[in-house]
Structures are given as C-alpha cells and as structure tokens.
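Structural features, examined
Listed below are the residues making up each chain.
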Amino acid sequence: MKLVIGLPWYSGPDETTGPLYMDMMMYFGALRERTILRDSLNYDEWTKIKDKLPPLDESGDVNGEPTDLDYSRLGRLEIAIIDHSRTSLVGRARESIVDAALDWGADYLFWWDADMKFKQSAFLSLFRNNVPVVGALAFTARHPIYPVIFGINKEENDVYKSHVMFDYPKDTLVGNEEVGGELAMGSGCMLIDMEVFNVIPKPWFYSTGTGEDWFFCNRCAEYGIKRFVDTRVKTEHKEHLPRWANEEMYQILKEQAPKVYEDLKEETSKPALVRI
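Residues numbered from 1 in each chain as written. Predicted model: local features only at pLDDT ≥ 70, side-chain atom pairs only at ≥ 80, totals over all residues. Heavy atoms only, no water.

Here we come to the sheet that holds strand S6 (residues 149-154). What the 3 strands build is an open sheet, ordered S7-S6-S9; its pairing is antiparallel. Two strands lie at the open edges of the sheet, namely strand S7 (160-164) and strand S9 (182-185), each paired on one side alone. Taken over all neighbouring pairs, the strand axes of this sheet differ in orientation by 35° on average, direction set aside. Pairing of S6 with S9, which is carried by 4 bridges, proceeds in the antiparallel orientation. Pairing of Ile-152 across the sheet is with Glu-182, part of S9. Relative to the sheet, helix H8 (residues 212-222) contacts S6, S7 and S9, its axis offset from that of S9 by approximately 155°. (Pairing = 2+ DSSP bridges. Helix = DSSP H or I, 4+ residues; strand = E, 2+ residues; numbered from the N terminus. Axes fitted to C-alpha atoms, helices over the stretch in contact; angles between N-to-C directions. Contact = heavy atoms within 4.5 Å.)

Now for unusual backbone geometry. Look at the link from His-143 to Pro-144: it is a cis peptide, with omega at 0°. Topologically, Pro-144 is positioned in the loop between strand S5 (133-137) and S6. A cis amide bond, omega 0°, links Lys-202 with the succeeding residue Pro-203. One non-glycine residue, Asn-130, lies in positive phi territory at about 55°. Positionally, Asn-130 belongs in the loop between helix H5 (122-127) and S5. One non-glycine residue, Asp-171, lies in the positive phi region at around 50°. Relative to the helices and strands, Asp-171 is located in the loop between S7 and strand S8 (173-174). In this structure Asp-171 comes out as partly exposed when scored by relative accessible area, which is 46%. (Buried < 20%, exposed > 50% of the residue type's maximum accessible area, 1.4 Å probe, protein only.)

Most of H8 is tucked away: 9 of the 11 residues are buried. When H8 is considered as a whole, its buried residues turn out to be Glu-212, Asp-213, Trp-214, Phe-215, Phe-216, Cys-217, Asn-218, Arg-219 and Cys-220. Of the residues trailing H8, Gly-224 is marked for its positive phi of about 70°.

For the rest of this paragraph, the subject is the pairing of S6. Here 5 bridges tie S6 to S7, and the two strands are oriented antiparallel to one another. Paired with Ile-152 across the bridge in S7 is Ser-162. Remark: 5 residues form the turn of the hairpin made by S6 and S7, two consecutive strands paired antiparallel; Asn-157 in that turn has positive phi of roughly 60°.

Let us look at the packing of aromatic side chains. Tallied over the entire structure, the rule returns 23 aromatic pairs. Ring geometry for Phe-110 against Phe-123: centres 5.9 Å apart, planes inclined by 75°, an arrangement best described as edge-to-face. One end of the pair, Phe-110, is in strand S3 (residues 108-112); the other, Phe-123, is in helix H5, with 13 residues separating them in the sequence. Both residues of the pair, Phe-110 and Phe-123, count as buried. Where Phe-205 meets Phe-216, the ring centres are 4.7 Å apart and the plane angle is 15°; that geometry is what we call stacked. With Phe-205 in the loop between helix H7 (196-199) and H8 and Phe-216 in helix H8, this residue pair connects regions lying 11 residues apart in the sequence. (Phe/Tyr/Trp six-rings, centres within 6.5 Å; stacked < 30°, edge-to-face > 60°.)

What follows is the structure, given as structure tokens:
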C-alpha cells in the first residue's frame, strides 16, 4: 500500500508541535519497517517472533499496534511525505498535495495539520474503519469551542444550510444519519481513499468562506462519497495562546456558559447563503 502523509501547513511544527512531529515520524518509519518484516516472513515464522518484537506505539496504546488484518491490508507499506507549507492558501496547498499523491499512485492520503495533536494510533484507528473518507473528532480553536461536525442541507436556489452538531454521539462512527443531513467535518486529521479523487473532478478543496474542508465534504456529497467522523479518535487543536481545544474543555464550557451555546446554535442554524 502507498500512503501519503499530506502536510498543508502554514509554517511547520513549532515548539509545541515539534516533539509530536518527530515522534510521529519515528512511528510511521517503524510501522513501515514492521510491514516489510511481516511481508518477508511466512505465517509460521511471523507467529514465532511477533510477540517478541518491541511495541511500535511507545505510549502503550494497543490501537497503535497493527493487527493481522491491518498487515494484510497494508502489505509492504510505502510512505511519502508531501509538504506544501508556508502558505496561507490552505485550499491550494491541499489541491497541490493531492495532485502529487495521484502522480505517485498513492492508495491513501492522511491529512495532518500543523496545529493538531493526536495519538500515534490515530492513523491505524481511522484506517480500520475501511471507508472512503473518515476524520477524527476535532474542535474549533476559537471560543466558544465546538465540534467541527456539521450537517448540510441543500435548500432552494442552491442555498446550503449548515448546522453544528453540538451533541455528537460519543466514541462511535458518525455519518449522515446522525447529523441529519450531509456530513461535513474538519480535515486536520483525516484519512481519504485516493479513489475518491478519481470520482470527483476538480476542484476538491476551495475556500468559499466556509472553509476548504467544508467544500470538500460538500463535493463528496454531490458525488455520493460517504464520509464519517470517528469520535473515538480524539484530537487537540492548538489555540494561539496556546491552549488546546478538546472534548473535556468543550463539555466544561457548555456547562459553564449554556446561553452562549444556545445563541451559537441559533446563529449557525441560519442559511449559509453559499452558492457553488
């Protein structure tokens, strides 16, 4: 399998995300080496040694360790890192990364934004869902923070109404049915089957004032591509202070300022007035 790690970063890792970047690169490198080892041995030889090998995920998270089914799907894993950073045009950066991934013949694209923090097990956890598009649970980095999970409903005259899913199902796979419309989500930590880009013509990512990731999800909806958010896969989103927006903070703020969220829910339920 060919995997592209796409880095559409504004400026690259800083003092808060740099250590995570190094740890993740070590993990992906070790994962690739492990798949090569597994591919070079027959089943009996592998069975004899697999329990003696050191863990790939040094945090002890078992979800970061490949299963037999994972090895079967990954095969002899090849990884390419495509960096299109130091730009404020994130939509253009994502388009360029997809172009390069298609040229290389990639099977999957793993988006990783510079201001996101997540466990090493995130990739395999998303991969195991075996769906065309799946993102991790993410939150806005501005206050009041809320989940980056939206339901989109198309109304008359090509007007799209988008609402935030404030009360999302916990620790499960969330799709259209759960959001009551077409699912849209953030792409800061997302895994995409590259076949999606052979089905959907360009543009894939274009900022319309609603965000290039919202646009991508809407394009997927137009072409019948299923999308999901896996709320078992948690992320933290760096604020400028920096502070980290996560599930715990979201629940605390909802309890502390219920009226703020009621006003926000009313505001975000208004038609987006976006024409494609």
